Amino acid sequence: VVGGETFDAPLADGCGGEAAFAVPVAGFFQVATSLLPEVWRRMHAHLGDDGVLYDLYSGVGVHGLMIESCREGGSAGIVGIEESKPACAAARANAERFGIPARYLDGRVEDRLAAAHSERPATRFVLNPGRAGCRPQVLSELCAVAGARIAYLSCNPDTLARDLAVLA
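Residues numbered from 1 in each chain as written. Predicted model: local features only at pLDDT ≥ 70, side-chain atom pairs only at ≥ 80, totals over all residues. Heavy atoms only, no water.

Student: I'm lost on the overall build of the chain in this one. Help?
Tutor: From N to C terminus, the chain includes 6 helices and 7 strands. A buried classification covers 45% of the 168 residues belonging to the chain. In the chain, once contacts between residues fewer than 6 apart in sequence are set aside, the share between residues at least 24 apart is 66%. In the structure as shown, the chain presents an accessible area of about 8,300 Å², 54% of it carried by carbon and sulfur atoms. (Helix = DSSP H or I, 4+ residues; strand = E, 2+ residues; numbered from the N terminus. Buried < 20%, exposed > 50% of the residue type's maximum accessible area, 1.4 Å probe, protein only. Contact = heavy atoms within 4.5 Å. Areas by Shrake-Rupley, 256 points an atom, 1.4 Å probe, with all protein chains shown as cover.)

Student: Would you take a moment to explain the environment of glycine 61 for this structure?
Tutor: The topology assignment puts glycine 61 in the loop between strand 3 (53-56) and helix 2 (62-69). Each C-alpha atom of the pair glycine 61 and alanine 93 lies 9.4 Å from the other, and the pair is 32 residues apart in sequence.

Student: What should I look at first to understand the pattern of salt bridges in this one?
Tutor: Should their charged atoms come close, side chains of opposite charge can pair. Taken as a whole and judged by the stated rule, the model has 10 salt bridges. Across the pair glutamate 110 and arginine 135 runs a salt bridge, and its minimum N-O distance is 3.3 Å. On the criterion of sequence distance, the pair formed by glutamate 110 in helix 4 (residues 109-119) and arginine 135 in the loop between strand 6 (124-127) and helix 5 (136-143) is long-range, its members being 25 residues apart. Taking the relative accessible area as the measure of exposure, glutamate 110 reaches 11% and is therefore buried. Between arginine 162 and aspartate 163 there is a salt bridge, with the nearest N and O atoms lying 2.9 Å from each other. Given the relative accessible area of 0%, aspartate 163 is considered buried. Shared partners join several salt bridges into a network, and the residues in it are Arg108, Glu110, Asp111 and Arg135. (Salt bridge = Lys/Arg side-chain N within 4 Å of Asp/Glu carboxyl O.)

Student: Help me out: how do you make sense of the sheet that holds strand 6 in this one?
Tutor: The strands making up a sheet associate through hydrogen bonds between their backbones, and the pairing can be parallel or antiparallel. The strand order 5-4-3-6-7 describes an open sheet built from 5 strands, whose pairing is parallel. For this open sheet the edge positions go to strand 5 (102-106) and strand 7 (149-152), each flanked by a neighbour on one side alone. With strand direction ignored, the average angle separating the axes of adjacent strands in the sheet is 15°. When strand 6 meets strand 7, the two strands line up parallel, connected through 4 bridges. Each bridged residue has a counterpart across the sheet, and for arginine 124 the counterpart in strand 7 is arginine 149. Where helix 1 (residues 36-47) meets the sheet, it contacts strand 3, strand 6 and strand 7, and its direction lies at approximately 165° from that of strand 7. Across the sheet, helix 4 touches strand 3, strand 4 (78-82), strand 5 and strand 6, and the angle it forms with strand 3 is around 170°. (Pairing = 2+ DSSP bridges. Axes fitted to C-alpha atoms, helices over the stretch in contact; angles between N-to-C directions.)

Student: Could you clarify how one ought to interpret helix 1 in this entry?
Tutor: Since one α-helical turn is 3.6 residues long, residues separated by three or four positions face the same way. With 12 residues, helix 1 ought to run about 16 Å at 1.5 Å a step, and its terminal C-alpha atoms sit 16 Å apart, in line with that. Of the positions making up helix 1, those classed as buried are Leu36, Pro37, Trp40, Met43, His44 and Leu47. Buried residues of helix 1, seen end-on, are gathered within an arc of 125° and therefore sit on one face of the element. In helix 1, the exposed positions angled more than 90 degrees off the buried face are occupied by Arg42 and Ala45. (Expected span 1.5 Å × (residues − 1). Arc of directions from axis to C-beta.)

Set out below in structure tokens:
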């Protein structure tokens, strides 16, 4: 436990090494960590390396940071949006730990995405929403991005299917 507010969660990274993430004590962290390196490799292959990566529903930054940590030539940066203020603070600390330029905005994705994207446009998006999936407004905004590449993780097959139908 670091300062009594976070703990370090170790896991294999997507580049064949090890990583540890600061996670709020009462926060959420992925449980199927052995699957994650392959998930990150596939996400990176799909998303490519062109420009900034948006990490929506970013939590402590795990997915975006691991995708960007394997980029050759360094990262163009991450814009993360997360509703939980403690998770957002941990994401900032994790980005610093990994030396990846990142800006994490605390707030709901549906409230922050449009302004953030108009300020810093991108075509690469990672989504990892809670069981309720994405709000319709978020899906509409993503559909309006020409050439968008989206990697979507979900713990709920029903909302994943619903959201993918809209995105498709």
